[in-house]
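# Understanding the architecture of this molecule
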Amino acid sequence: MSLDQAGPATLPEAGPAPRKAGRAADGRRGHSPRSGRRWTPWLFLAPALLLFLYFKFIPMVSALTMSFQDVQPYLGNRWVGSDNYATVLQSDGFREAAWHTIVLAAGQTAGSMALGLVLALLMEGQGRRLGFVRSAAFLPVVVPIAVVAELWRIMYHPSSDGMLNSLLGLVGLGPSGFINDPDSSMASIMVTGIWRGAPYDMMIFLAGLTGVDRGLYEAAKVDGASRLQRVWHVTVPGLRSVFSILFILAAIRGLRVFTEVFLLTNGGPDGSTEVVMTLIYKLGLEQNRLGVGAAGAVLLFLATLILTVVVHLLRRRESK
């Protein structure tokens, strides 16, 4: 066969070679694009981290240092060791404030979780009306605590024509002093905290209810279980992890209670509602004993940390 009859020669395709070369070139360039992506999230977080560092972590370290010193503004601090902690722990006022804090935290935790679960069970489901009702029920959480305290202070007016006393009069009960009576002041503040904390717990419970197996409800209903029995034997066990999380959050919220007590009673009457946070405020800012107040704050932090660790260890033991 002649060359004229063979026709034009065909050349091999050169497509794959450039792609391999490109991959090899990418390999030679190393991991610089990936390393750049690693730093990108930290660049976005940097402003918030700087604010946390300046307004939270540095003051925490300063408070820990002050708890071992006799703080004297403009004169220089004097190292006193553990004297501030001894003063706090041996004070009758601190022991009473700690007891009031525990009682208030326990009551608010139990009440807000119980009421939040009831509200979640009532408002579970889909629908425009339920969405509106859930939003309305959640309003106490977004309202500033100062506004909430002032609202309840007005409702707790001790005269017979006060709002709540007027309602009590309709059922034949006499007027109550509420926050002005040492016997009912603690319960009154507790009710205020439950009213504000229950909607938050309700939203957490609503999220947890979506993970409960609906087939268990049907099986329990076929077995003849009542609605209350289904809630107790199906819903509550299914929300065990939610209960533990809410217990930690509500307990910390109760141990750190300050604003509503400060605005409603400021620890009165006769110290019946004095809690650790109001006592720390009075020691540190009103009596200018900043070292003693810092020691009380550190002890409250340690109590909160111990409670959190204990609950976390119990959760891990149950999960095993």
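Above: the structure in question.
Anyway, here's the lowdown on the structure attached to this text. (Residues numbered from 1 in each chain as written. Predicted model: local features only at pLDDT ≥ 70, side-chain atom pairs only at ≥ 80, totals over all residues. Heavy atoms only, no water.)

## Concerning the pattern of salt bridges
Opposite charge on two side chains makes pairing possible when the charged atoms of those side chains draw close. Applying the stated criterion to the full structure yields 4 salt bridges. Notably, a salt bridge pairs Asp 70 with Arg 78, separated by 3.3 Å at the nearest N-O pair. Residue Asp 70 is classed as partly exposed on the basis of its relative accessible area of 26%. The partly exposed category is assigned to Arg 78, whose relative accessible area is 48%. Here Asp 201 ties to Arg 253 by a salt bridge, and the two come within 3.9 Å at their closest N and O atoms. (Salt bridge = Lys/Arg side-chain N within 4 Å of Asp/Glu carboxyl O. Buried < 20%, exposed > 50% of the residue type's maximum accessible area, 1.4 Å probe, protein only.)

## Examining the environment of Val 231
By the element assignment, Val 231 lies in helix H12 (residues 227-238). For Val 231 and Leu 121, which are 110 residues apart along the polypeptide, the C-alpha to C-alpha distance reads 9.0 Å. Not counting residues within four places of it along the chain, the set of residues in contact with Val 231 comprises Leu 121 and Val 236. (Helix = DSSP H or I, 4+ residues; strand = E, 2+ residues; numbered from the N terminus. Contact = heavy atoms within 4.5 Å.)

## Some points on unusual backbone geometry
The omega torsion across Gly 268 and Pro 269 is -5°, close enough to zero to call that bond cis. The topology assignment puts Pro 269 in the loop between helix H14 (259-264) and helix H15 (276-286). One non-glycine residue with positive phi stands out, namely Asp 270, at about 60°. Looking at the secondary structure, you find Asp 270 in the loop between H14 and H15. One non-glycine residue, Asn 288, adopts positive backbone phi at about 60°. With respect to the secondary-structure elements, Asn 288 resides in the loop between H15 and helix H16 (290-319).

## Details of the packing of helix H5 (residues 92-122) against helix H13 (residues 240-255)
Where H5 contacts H13, the axes come no closer than 8 Å and their chain directions differ by 140°. If you check the angle between H5 and H13, you find them oblique. Classified by chirality, the crossing of H13 by H5 is right-handed. In this structure, H5 contributes Thr 101, Ala 105, Gln 108, Thr 109, Ser 112, Met 113 and Leu 117 to the contact, and H13 contributes Phe 243, Leu 246, Phe 247, Ala 250, Ala 251, Arg 253, Gly 254 and Leu 255. Of the residues belonging to the contact of H5 with H13, the class tally is 9 nonpolar, 5 polar and 1 charged. (Axes fitted to C-alpha atoms, helices over the stretch in contact; angles between N-to-C directions. Parallel < 35°, antiparallel > 145°, perpendicular 65-115°, else oblique. Left-handed = near helix turned anticlockwise from the far one by under 90°. Nonpolar A, V, L, I, M, F, W, Y, C, P; charged D, E, K, R; others polar.)

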